[in-house]
Amino acid sequence: MANLEQSFDTRFSLQLAPTSFLMRLGRRELFVCRDFRQRSYYVNPMMDCSTGVQAGHLEILLFRKWLLILSKANW
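**Student:** Explain the sheet that holds strand β5 (residues 66-72) to me, using residue names and the numbers behind them.
**Tutor:** Ordered by their spatial adjacency, five strands build an open sheet running β1-β2-β5-β4-β3, and the pairing between neighbours is antiparallel. Bordering the open sheet on either side are β1 (21-25) and β3 (47-51), each of which pairs with just one other strand. On average, each strand axis in the sheet is tilted by 20° relative to the strand beside it, whichever way the strands run.

So, in structure tokens, the structure goes:
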């Protein structure tokens, strides 16, 4: 079941992305949005993983367009 409350801080600034949604799966959250950031390194064209902006987040960039952020749900 999807819950639309986000646990990201306002400095994360992805809440304002026009095509974004959040799914809560048990104790984990999956946030999906279009990637709008300019990367200063070479990005793998299929899938690229890195640590997130906040502690405890994992960012997965798919096809250089979709950003999936995995995090622990705060309830």
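**Student:** How would you summarise the side chain of Glu 59 if you had to cite specific residues and measurements?
**Tutor:** Topologically, Glu 59 is positioned in strand β4 (residues 58-62). By relative accessible area, Glu 59 is classed as buried at 3%. A polar contact is formed between the side chain of Glu 59 and the side chain of Arg 37, at a distance of 3.0 Å.

**Student:** Just give me the short version of unusual backbone geometry, but keep the residues and values in it.
**Tutor:** Comment: phi is negative for the bulk of residues other than glycine, and the bulk of peptide bonds are trans. With a phi angle near 55°, Phe 63 is a residue other than glycine that sits in the positive phi range. Turning to its location among the elements, Phe 63 is positioned in the loop between β4 and β5. A positive phi angle is found at Arg 64, which is not glycine, with a value near 60°. Relative to the helices and strands, Arg 64 resides in the loop between β4 and β5. Under the relative-accessibility criterion, Arg 64 is labelled partly exposed at 44%.

Thresholds applied
Residues numbered from 1 in each chain as written. Predicted model: local features only at pLDDT ≥ 70, side-chain atom pairs only at ≥ 80, totals over all residues. Heavy atoms only, no water. Pairing = 2+ DSSP bridges. Helix = DSSP H or I, 4+ residues; strand = E, 2+ residues; numbered from the N terminus. Axes fitted to C-alpha atoms, helices over the stretch in contact; angles between N-to-C directions. Buried < 20%, exposed > 50% of the residue type's maximum accessible area, 1.4 Å probe, protein only. Polar contact = N/O pair within 3.5 Å; in protein donor to acceptor, adjacent residues only side chain to side chain.

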